[in-house]
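Chains, contacts and geometry: an overview
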Amino acid sequence: MSIDHTGYVTVTGKPNVGKSSLINKLLNDKVSITSHKPHTTRNKIEALYCDDNSTILFMDTPGYHKSNNKLDVFLNSEVKSSYKRADLALMLIDLTRDLNEEDEMVISSLKSFNIERVILVLTKFDVSSERVVELYKQKVSALINYSDCIAISAKNDTNIIELVELIKKYLPSGEPVQKNPDNDRLMIAETIREQIIKNMKQEVPYATNVVVESQDYDKQKNMFNISAVIVVEKESQKPIIIGKGGTMIKKIGTNARVELLKVFDTKINLKLFVKVHNDWRNDEKYLKTNGYNTNINK
């Protein structure tokens, strides 16, 4: 069945520029990990938008940045893999932050993949002005030929509906796009990791990985059973995650369940465990086993 507007839309930009917040706002749902801290999204999370005349698959990518370890190489490869599928790219730039090398890396990568349709999305318009918008349009146009531009505020809903209509303008008619069947597992893992980031300080949250080992739905009890492991890279980090008397891991689990209830219309039975895998962020075998493809050129 053909529809008027359909396609893949990658949402890209440097870390902490508002990609996840925008997708959550577009879908009016909690589908992507958000935090005031950078480097929160790790996997390419897919979110399907549908209305009477369109199906749009948004791909929320990790922030493009300099690589410090093999995990960072994977994060950048996730961005590039989304470019390969994209019919359209939303290039987000924060009006409250100066253009820097990370913005230029995003622009360079978009150009290298020859994405023909790029919408420049200037975020945090609620604390900016038309004068600043014009200034940024001039700066970015000197670096890349974008198709269109819009200034938005996810916080105040400014130009969100207009952005959806602008996206449709650049998408063709065709068969409805489909979401990756593994997306639920990724979303669950990211939801748990979001709570680790929100409840813990310093480096520990970024030294953790979450692996969903099992998930099944009990129809009779209307219960979604989830078992997940929080992996840390040092033995000293394990008791920090667990907390005194198990208080921290209980808090993480409780808060994650609250967020998951917003997505799944069932009761949630979430069991969390903690394991140590030394220096997992640089262990290529571990990364590949857990779905992190570290070959950025593929």
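Residues numbered from 1 in each chain as written. Predicted model: local features only at pLDDT ≥ 70, side-chain atom pairs only at ≥ 80, totals over all residues. Heavy atoms only, no water.

1. Overview of the overall build of the chain
Counted only if it meets this: Every helix listed is a DSSP run of H or I at least four residues long, and every strand listed is a run of E at least two residues long, numbered separately from the N terminus. Throughout this description, buried means an accessible area under 20% of the type-specific maximum (1.4 Å probe, protein chains only), exposed means over 50%, and partly exposed covers the range between. Should any heavy atoms of two residues lie within 4.5 Å, those residues are counted as being in contact. Using a 1.4 Å probe, accessible areas were evaluated by the Shrake-Rupley method; residue-level cover was limited to the displayed protein chains.
What the chain contains, in helices and strands, is nine helices and nine strands. For the chain, the proportion of its 298 residues judged to be buried stands at 53%. When contacts within the chain are restricted to residue pairs at least 6 apart in sequence, those whose partners lie at least 24 apart make up 72%. Total accessible area on the chain is roughly 14,200 Å²; 47% of this is exposed by carbon and sulfur atoms.

2. Things to note about the sheet that holds strand 8 (residues 223-232)
The criterion, for reference: Two strands form a pair only when DSSP identifies at least two bridges running between them. Lines are fitted to the C-alpha atoms to define the axes, a helix being fitted only along its stretch in contact, and any angle between axes, read from their N-to-C directions, falls within 0 to 180 degrees.
Spatially, three strands are ordered 7-8-9 in an open sheet, and the strand pairing comes out mixed. Taken across any chain shown, the strands that pair with only one partner, and hence form the sheet edges, are strand 7 (209-218) and strand 9 (267-276). On average, adjacent strands in this sheet sit at an angle of 15° to one another, irrespective of strand direction. Sheet analysis places strand 8 next to strand 9, joined by ten bridges and oriented parallel. Paired with Asn 225 across the bridge in strand 9 is Asn 269. Relative to strand 9, helix 8 (residues 247-261) is tilted by about 140°, and along the sheet it contacts strand 8 and strand 9.

3. Brief notes about the packing of aromatic side chains
The criterion, for reference: Geometry of aromatic contacts follows a simple scheme: Phe, Tyr and Trp rings, the Trp one being its six-membered ring, pair when their centres are within 6.5 Å, and the pair is stacked under 30 degrees between planes, edge-to-face over 60, tilted otherwise. Consider the ring centre and the ring normal. A charge sits over the ring if Lys NZ or Arg CZ is within 6 Å of that centre and within 35 degrees of that normal.
Considering all chains together, one arrives at two aromatic pairs under this definition. Ring geometry for Phe 224 and Phe 264: centres 5.0 Å apart, planes at 70°, overall edge-to-face. Placement of Phe 224 in strand 8 and of Phe 264 in the loop between helix 8 and strand 9 is noted, with a sequence separation of 40 residues between them. Judged by its relative accessible area of 13%, Phe 264 is buried. Positioned over the ring face of Tyr 136 is Lys 139, at 5.2 Å from the centre of the ring.

4. Focus: the confidence of the model for the chain
Worth spelling out the cut-off: Residue-level confidence of the predictor is summarised by pLDDT, bounded by 0 at the bottom and 100 at the top.
Looking at the chain, the pLDDT average stands at 84 and 82% of residues meet or exceed 70. Mean pLDDT values over the elements of the chain span from 61, in helix 2 (residues 70-85), up to 98, in strand 6 (residues 148-151). Low pLDDT, under 50, characterises residues 32-42; the stretch is placed with 54 contacts to residues that sit more than four places away or in other chains.

5. Some words on helix 1 (residues 19-27)
With seven of nine residues buried, helix 1 lies mostly within the body of the structure. The set of residues buried in helix 1 consists of Lys 19, Ser 20, Leu 22, Ile 23, Asn 24, Leu 26 and Leu 27. On its buried face, helix 1 is in contact with strand 1 (5-12), strand 2 (45-51), strand 3 (54-60), strand 4 (88-94) and helix 5 (160-169). Immediately downstream of helix 1, the backbone of Asn 28 shows phi near 55°, a positive value.

6. Concerning the pattern of salt bridges
In a structure, side chains of opposite charge can pair up when their charged atoms sit close to one another. What counts is decided by this rule: Between Lys or Arg on one side and Asp or Glu on the other, a salt bridge is scored when a side-chain nitrogen of the former is within 4 Å of a carboxyl oxygen of the latter.
For the structure shown, the criterion picks out 13 salt bridges. With a closest N to O distance of 3.5 Å, Glu 165 and Lys 168 form a salt bridge. With Glu 165 and Lys 168 both in helix 5 and three residues apart, this pair spans about one turn of that helix. Looking at Glu 165, the relative accessible area reads 46%, which means it is partly exposed.

7. A look at the pairing of strand 6
Test applied: Here is how to tell: hold the view so the strands point away, follow the path from the first strand over the helix to the second, and if it runs clockwise the crossover is right-handed.
Where burial is concerned, the two faces of strand 6 agree: the one with Asp 148 and Ile 150 and the one with Cys 149 and Ala 151 are both buried. The pairing of strand 5 (residues 118-123) with strand 6 spans four bridges and is parallel. In the sheet register, Val 121 faces strand 6, and the bridge partner there is Ile 150. This β-α-β element, strand 5 to helix 4 (residues 130-141) to strand 6, shows right-handed connectivity.

8. What about unusual backbone geometry?
Within the chain, Lys 124 stands out as a residue other than glycine whose phi angle is a positive 65°. Position of Lys 124 among the secondary structure elements: in the loop between strand 5 and helix 4. Its identity as a non-glycine residue notwithstanding, Asp 279 has a phi of 50°, on the positive side. Following the sequence through the fold, Asp 279 ends up in the loop between strand 9 and helix 9 (284-289). Taking relative accessible area as the criterion, Asp 279 reaches 41% and is therefore assigned partly exposed.

9. Points about the packing of helix 1 against helix 5
For clarity, the cut-off: Note on angle classes: values under 35 degrees are labelled roughly parallel, values over 145 roughly antiparallel, values of 65 to 115 roughly perpendicular, and the remainder oblique. Any residue outside Ala, Val, Leu, Ile, Met, Phe, Trp, Tyr, Cys, Pro, Asp, Glu, Lys and Arg is labelled polar, Gly included; the first ten of those are nonpolar and the last four are charged.
Where helix 1 contacts helix 5, the axes come no closer than 10 Å and their chain directions differ by 90°. With respect to each other, helix 1 and helix 5 are oriented roughly perpendicular. For the pair formed by helix 1 and helix 5, the contact residues are Leu 22, Lys 25 and Leu 26 on the first element and Ile 160, Leu 163 and Val 164 on the second. Here the contact of helix 1 with helix 5 is built from residues that sort into five nonpolar, no polar and one charged.

10. A short note on the environment of Ala 86
Residue position: Ala 86 is located in the loop between helix 2 and strand 4. By relative accessible area, which is 17% here, Ala 86 ends up buried. Along the sequence, Ala 86 and Leu 57 sit 29 residues apart, while their C-alpha atoms lie 9.5 Å from each other. Leaving out residues up to four positions away in the same chain, Ala 86 has contacts with Tyr 8, Thr 10, Met 59 and Ile 115.

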